[in-house]
Amino acid sequence: MPAGARGTDSGPGGPAASEARGTTPGPSGPTPSGARASARRRLLEEGRERGLYSGAAWSLGDAEGPWDRGWTGTRADGGPPLDGNDLWDLASVTKPLVGLVVMALVDRGDLRLGDTVGQHLARYADSPHAPRTIAQLLDHTSGLPGGVPLYREHPTRESLLTALGTLPRTAAPGTRVTYSSQGFMLLGLIAEQAAGRGLDELVGELVCAPLGLTDTCFRPAPAQRGRAVATEACPWRGRTVVGEVHDENAVVLGGVAGHAGLFSTLADLERIALGLLGGGPPLLEPDTLTLMTAPRTDHLNLRRALAWQGQDPTGSPVGDIFGPASYGHTGFTGTSLWLDPAAGRYAILLTNRVHPSRVERGFTELRREFHTL
C-alpha cells in the first residue's frame, strides 16, 4: 500500500484519532472504541485488497463530532494515496441533499408537499405525471419507474427531458414504493422553477452556506477535480471517469440533476451529519426535519421518508444495528450516509466500488458488516 494511504485526522469539532473517544456503541452494548475502530479499518483494508474499490474513507460519531475517522487506499488503481481531502462522487446521496433544498423551499412557502408536477412544470402539464405530488416524488410512491437508461436513446438534454414525460407508470400512485431516479429529476426541475435559480445555486444557498460546506458541488472546478476519486472505466464514454458525474443520465442533463451529480468530501459530509443531528436549524425548521425524516410508507413494501431511506426491518443496506427511527441514503458509486437520531449518532462510508467496473464484487455485504461493527 502506498505511503500515506492510511490516515486519521480531526473532523469538524472532533478528535484527532480513531481511539480518542471512550466507547463506541455496539450491537450488545459499549465496546472499547479502539478495538472496534481497528476492526473497521481491517475490514476496509481487506476490501481494497480484494479489489472491491481502490479507496475508502469513513467517519462515525455523534453530535459532538467523530469518534472514528480515517481513510485507506488510493484515488484510483495505481493512483495517488487518499489524503482525507478527496472528492467523492456521491451518486444517489445527491437525492436527500436535493430533498433538503425542496424542504427548505417548503419552509419558505415557495413549495407545498401537495403541489403537483403540472402546477410547476408547464412542459409536463399534459404528461401522465402531471398529477403526481411533490410528496409522492420524495417518498418514491409516484408510480414513476426506477433507473431507466434514457441516455441510450436520448443523447441531448432536451430529448431526455421530453422522454421523461412519456415514461409509463409502474404502479398506481401511493400503492407501492418504486425507487425512481426519474422522480428526482422532476424534483430538481420543480425546485429550479419555484425558486427561479439553478439547482447548483440552490444547493449552495440552502445547504452549503448554512453548514459551511466548502467542497460540496455539482460539476467540480478543475482544481477540485485534481482531488477527485476515480469511478468507472466507462464503456459509454470510452475512458475512466474522474471528477465528472458517473451517472449517465446526469451527464446528458449537464451534470446538474436532482437524482445524481453532487460531489463532496468526508469533512463536508460530517458537517451535514452534525447539522441533521442538531435537529434542523440552520437547514430547516425542527418540525420540517421531523416531518422529512419520519417513515411514511410502512404500510407498503419499503420504508421511506421524504427523500430518505428508512430502516427496513429486513434487508437494510446498513444491517440491523440502527434503530427504527434511523434514516439515510446509499449511492451507486459506493457511498452512504446514515443517521440514528434516537441514539444521536451517524455513520459515513465513502468508496469507489464502481472502479474500475460497476460489477458487484462483494461490496454490499462489506457495507452491512462495516455498519454492524
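Residues numbered from 1 in each chain as written. Predicted model: local features only at pLDDT ≥ 70, side-chain atom pairs only at ≥ 80, totals over all residues. Heavy atoms only, no water.

Draft legend 1. Representation of the pairing of strand β14 (residues 345–351) within the structure. Burial analysis of β14 places seven of its seven residues in the buried class, the great majority of the element. With seven bridges joining them, strand β4 (residues 55–62) and β14 adopt antiparallel strand pairing. When the sheet's bridge partners are listed, Ala-56 is paired in β14 with Thr-351. If you look at the hairpin formed by strand β13 (residues 335–340) and β14, you'll find four residues sitting between the two strands, and Gly-344 has a positive phi there, around 70°. (Buried < 20%, exposed > 50% of the residue type's maximum accessible area, 1.4 Å probe, protein only. Helix = DSSP H or I, 4+ residues; strand = E, 2+ residues; numbered from the N terminus. Pairing = 2+ DSSP bridges.)

Draft legend 2. Up close: the layout of surface pockets. Computed from the structure, the largest pocket encloses a volume of approximately 670 Å³. Around the largest pocket, the lining comprises 37 residues; the ones closest to its centre are Ser-92, Tyr-179, Gly-331, Phe-332 and Arg-353. Per-element accounting of the lining of the largest pocket gives the leading share, four residues, to helix α12 (residues 363–372). (1 Å grid on protein atoms, 1.4 Å probe; cavity = no way out; pocket = protein on both sides within 12 Å on 5 of 7 lines; lining within 4 Å. Points joined across faces, edges and corners; volume = space filled by probe spheres on them.)

Draft legend 3. Summary view of α12. Where α12 is concerned, the buried positions are Phe-363, Leu-366, Arg-367, Phe-370 and His-371. The arc enclosing the buried residues of α12, seen along the axis, measures out at 130°, which places them on a common side. Buried residues in α12 make contact with α1 (33–49), β4, β12 (327–331), β13 and β14. (Arc of directions from axis to C-beta. Contact = heavy atoms within 4.5 Å.)

Draft legend 4. Quick peek at the packing of aromatic side chains. Considering all chains together, one arrives at three aromatic pairs under this definition. Consider the rings of Tyr-53 and Phe-363, whose centres lie 6.4 Å apart with planes at 90°: the pair is edge-to-face. In this pair, Tyr-53 sits in the loop between α1 and β4 while Phe-363 sits in helix α12, placing the two residues 310 residues apart along the sequence. Taking relative accessible area as the criterion, Phe-363 reaches 3% and is therefore assigned buried. The ring of Phe-322 is capped by Arg-345, whose NZ or CZ atom sits 4.6 Å from the centre of that ring. (Phe/Tyr/Trp six-rings, centres within 6.5 Å; stacked < 30°, edge-to-face > 60°. Lys NZ or Arg CZ within 6 Å of the ring centre and 35° of its normal.)

Draft legend 5. Region of the structure containing the nonpolar core. Core analysis: the biggest nonpolar cluster contains 81 residues, and Leu-138, Leu-276 and Leu-339 have the highest contact counts within it. Dropping the residues within four chain positions of it, Leu-138 is found in contact with Gly-99, Val-102, Met-103, Leu-113, Phe-184, Leu-187, Ala-305, Leu-306 and Ala-307. Judged by nonpolar contacts, the second largest core, of 17 residues, contains Leu-43, Leu-52, Ile-321 and Phe-370. (Core = buried A, V, L, I, M, F, W, Y, C linked by side-chain atoms within 4.5 Å.)

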